[in-house]
Amino acid sequence: KEIDTLKRADAIVTVSESWARGLRNRYGDKVSVVTNAYDPDYFSRIPLESGDRFAITYLGKLNSAHQDLSDFLGAVKKILDDGKIPAVKISVDFYTAGYGKPDISGLAASMGLSGIVKEHSPVPFGRALELMKNSSLLLVAGWKGQSSPGWRPQKVYEYMGSGIPIMLINGIENTELRSMLASCKNCIVADGARDIENGLLGAYSEFNKADGIIRREAPAEYSIDKVTEGLCGIIEKMVRK
């Protein structure tokens, strides 16, 4: 049983502080936080291409009961209707998996966005890295419900490694993820349709100024080398005991 295993463990590691607090209530100070990480080598061999479209990409799981896309799709619709971004200059692609996945194609069709918002099957990891590095904006949909304060999906760390701007939508409950992204120069935290619209227009303006290539330095504190240092420190303490 999991409980018996954790009781016997000399050290317990989890990926977020709020989850660690819950474990410490049961198992004491042997609980530590070591976040997920990205490997810069994954991206070093992928060529960076300029694009003629402002390409927004979502990769990973989606659950319609816990992740809401309505504000985001509404913001895209308004931007197009207002002529602030020409339809020929924007694409929104979802590469999604998971139980309870929303009908993205149906939602797009109901809002007149079928030519802009497209749904795809999941892709292999190597192809996902290529899509990340050659997108203009990477999308994260906030998680609502149980364990939401400490929810920080691995995909976000891969996003960070790409150096491409990231937008978190409707992540009001995801306090640790919001704090992490708010501290990064290439991240946008947007709650509600108006915030999302402003964030998209700001990213689009940067896309135009950069001639289709937007890339910044990935945050070093979430690289695999830096995160592994923290794990090694925990192991060293166990050895000294």
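Residues numbered from 1 in each chain as written. Predicted model: local features only at pLDDT ≥ 70, side-chain atom pairs only at ≥ 80, totals over all residues. Heavy atoms only, no water.

Asker: Can you walk me through the overall build of the protein chain in this structure?
Answerer: When helices and strands are tallied, the protein chain shows 10 helices and 8 strands. Its C-alpha atoms give the protein chain a radius of gyration of 19 Å, within 12% of the compact-globule value 18 Å for 241 residues. Counting only C-alpha atoms and orienting by the principal axes, one finds that the protein chain spans roughly 65 × 35 × 30 Å. Of all 241 residues assigned to the protein chain, the portion counted as buried reaches 44%. Taking as baseline every contact in the protein chain between residues at least 6 positions apart, the subset at least 24 positions apart corresponds to 73%. In the form shown here, the protein chain has an accessible surface area of approximately 12300 Å², with 51% of it arising from carbon and sulfur atoms. Across the protein chain, the mean location of the 31 positive side-chain charges is 3 Å away from that of the 30 negative side-chain charges. (Helix = DSSP H or I, 4+ residues; strand = E, 2+ residues; numbered from the N terminus. Rg over C-alpha atoms; globule rule 2.2 N^0.38 Å. Buried < 20%, exposed > 50% of the residue type's maximum accessible area, 1.4 Å probe, protein only. Contact = heavy atoms within 4.5 Å. Areas by Shrake-Rupley, 256 points an atom, 1.4 Å probe, with all protein chains shown as cover. Lys, Arg positive; Asp, Glu negative; His and termini not counted. Charge placed at Lys NZ, Arg CZ, Asp CG, Glu CD.)

Asker: Can you help me understand the packing of aromatic side chains in this one?
Answerer: Each aromatic ring pair is specified by the distance between its two centres and by the angle formed by the two planes. On inspection of all chains with the given rule, the structure shows 8 aromatic pairs. Between the aromatic rings of Y42 and F125, the centroid separation amounts to 5.2 Å while the plane-to-plane angle is 80 degrees, which identifies the pairing as edge-to-face. Placement of the pair is Y42 in helix 3 (residues 41-44) and F125 in helix 6 (residues 125-133), with a sequence separation of 83 residues. Relative to Y222, the ring of Y157 has its centre 5.7 Å away and its plane inclined at 70 degrees; by these criteria the two rings are edge-to-face. With Y157 in helix 7 (residues 154-162) and Y222 in the loop between helix 9 (192-209) and helix 10 (224-240), the pair connects residues that are 65 residues apart, well separated along the chain. Considered together, Y157 and Y222 belong to a single accessibility category, that of buried residues. Through a chain of ring-to-ring contacts, the aromatic side chains of F54, Y204 and F207 assemble into a single cluster. (Phe/Tyr/Trp six-rings, centres within 6.5 Å; stacked < 30°, edge-to-face > 60°.)

Asker: Help me understand the sheet that holds strand 7 (residues 166-169), please; the structure alone is not making it clear to me.
Answerer: Hydrogen bonds along the backbone pair up the strands of a sheet, which may run parallel or antiparallel. Pairing in this open sheet of 6 strands is parallel, and the strands run 5-4-3-6-7-8 from one edge to the other. Looking at the sheet topology across the chains shown, the edges are occupied by strand 5 (117-120) and strand 8 (187-190). Averaged over all neighbouring strand pairs, the angle between strand axes comes to 20 degrees, with direction disregarded. Pairing geometry for strand 7 and strand 8, over 4 bridges, is parallel. When the sheet's bridge partners are listed, I166 is paired in strand 8 with C187. Against the sheet, helix 8 (residues 175-182) makes contact with strand 6 (137-141), strand 7 and strand 8, and its axis sits at roughly 140 degrees relative to strand 8, the strand it touches most. (Pairing = 2+ DSSP bridges. Axes fitted to C-alpha atoms, helices over the stretch in contact; angles between N-to-C directions.)

Asker: Could you clarify how one ought to interpret the side chain of S18 in this entry?
Answerer: Within the secondary structure, S18 is located in helix 2 (residues 17-27). Among the residues examined, S18 registers a relative accessible area of 17% and is labelled buried. Contact partners of S18, with chain neighbours within four places excluded, come to P149, G150 and E176.

Asker: Is there a simple way to explain the pairing of strand 5 in this structure?
Answerer: Where a strand is regular, its side chains alternate between the two sheet faces. Strand direction decides the pairing type here: strand 4 (residues 90-97) and strand 5, joined by 4 bridges, are parallel. Directly across from V92, in strand 5, lies its bridge partner V117.

Asker: Looking at this structure, how should I read the environment of F54?
Answerer: Mapped onto the elements of the fold, F54 is located in strand 3 (residues 54-61). When its relative accessible area of 0% is taken as the criterion, F54 is described as buried. Through-space distance from the C-alpha of F54 to that of T14 is 36 Å; in sequence the pair is 40 residues apart. When near neighbours in sequence (up to four residues on either side) are disregarded, F54 contacts I85, K89, I90, S91, S136, L137, L200, A203, Y204 and F207.

Asker: Can you help me understand unusual backbone geometry in this one?
Answerer: In terms of backbone geometry, most residues other than glycine have negative phi values and most peptide bonds are trans. Of note in this structure, S147 is not a glycine but carries a positive phi near 65 degrees. Checked against the element boundaries, S147 lands in the loop between strand 6 and helix 7. By relative accessible area, S147 is classed as partly exposed at 39%. The phi angle at N170 is positive, at roughly 50 degrees, despite the residue not being glycine.

Asker: Explain the nonpolar core to me, please; I cannot follow it from the model alone.
Answerer: General note: in soluble globular proteins, nonpolar side chains tend to be found buried as a group. Membership of the largest hydrophobic core comes to 32 residues, with the highest contact counts inside it found for F54, I56, F72, F94, V117 and L200. In terms of residues, this core owes the most to one element, helix 4 (residues 70-81), which gives 6 residues. (Core = buried A, V, L, I, M, F, W, Y, C linked by side-chain atoms within 4.5 Å.)

Asker: Please explain the environment of M160 as it appears in this structure.
Answerer: Among the structural elements, M160 can be located in helix 7. Separated by 89 residues in sequence, M160 and D71 place their C-alpha atoms 24 Å apart. Not counting the four nearest positions on each side in its chain, M160 is found in contact with Y38, I166, M180, L181, C184, A218, P219 and Y222.

By themselves, these are just geometric observations and shouldn't be taken as functional.
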